[in-house]
Amino acid sequence: MMNFFKNFSKDEDGAVTVDWVVLTAAVVGLGIAGVATIQGGIDSAATTISTDIGNNIDNTATAEQ
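In short, a report on the structure. (Residues numbered from 1 in each chain as written. Predicted model: local features only at pLDDT ≥ 70, side-chain atom pairs only at ≥ 80, totals over all residues. Heavy atoms only, no water.)

1. With respect to the overall build of the chain
What counts is decided by this rule: Helix and strand assignments follow DSSP, with helices taken as H or I runs no shorter than four residues and strands as E runs no shorter than two, numbered in order from the N terminus. With a 1.4 Å probe rolled over the protein chains alone, any residue whose accessible area is under 20% of its type maximum counts as buried; one over 50% counts as exposed, and the rest are partly exposed. Surface accessibility follows the Shrake-Rupley procedure with a 1.4 Å probe radius. Residue values consider only the protein chains on display as shielding.
Across its full length, the chain carries two helices and zero strands. Taking the principal axes of its C-alpha atoms as reference, the chain extends roughly 95 × 20 × 10 Å. The buried share among the 65 residues of the chain stands at 0%. Surface exposure of the chain reaches about 5,800 Å², of which carbon and sulfur atoms provide 65%.

Structure, rendered in C-alpha cells:
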C-alpha cells in the first residue's frame, strides 16, 4: 500500500493534463476576447455595405424606368 502512495506522488500525468486544460482555456478566452473586440467594427462594416448595396439597387431600378 505504501508503494501506491509513493508512485502516486511521483506520477505527473495529472499535472500535464491540468497544464493542457489551462492552456486550452487561455486560447479559447483569447479567441472570445478577439471576437468581442472586433465585433463592433464588423457590424458597422456590414451595415454600411448593406446600405450601399440597397442604395445601388434602388438607383439602378430608378434609372431603368
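2. As for a nonpolar patch on the surface
Defined as follows: Residues enter patches when they are more than 30% accessible in relative terms and free of salt bridges; like-charged ones are connected within 9 Å and nonpolar ones (Val, Leu, Ile, Met, Phe, Trp, Tyr) within 5 Å. When a carboxyl oxygen of Asp or Glu lies within 4 Å of a side-chain nitrogen of Lys or Arg, that pair is called a salt bridge.
The grouping of M1, M2, F4, F5 and F8 at the surface amounts to a nonpolar patch, some 680 Å² of accessible area in total. Secondary-structure assignment places F8 in helix α1 (residues 2-10). Overall, F8 belongs to the exposed group, its relative accessible area being 58%.

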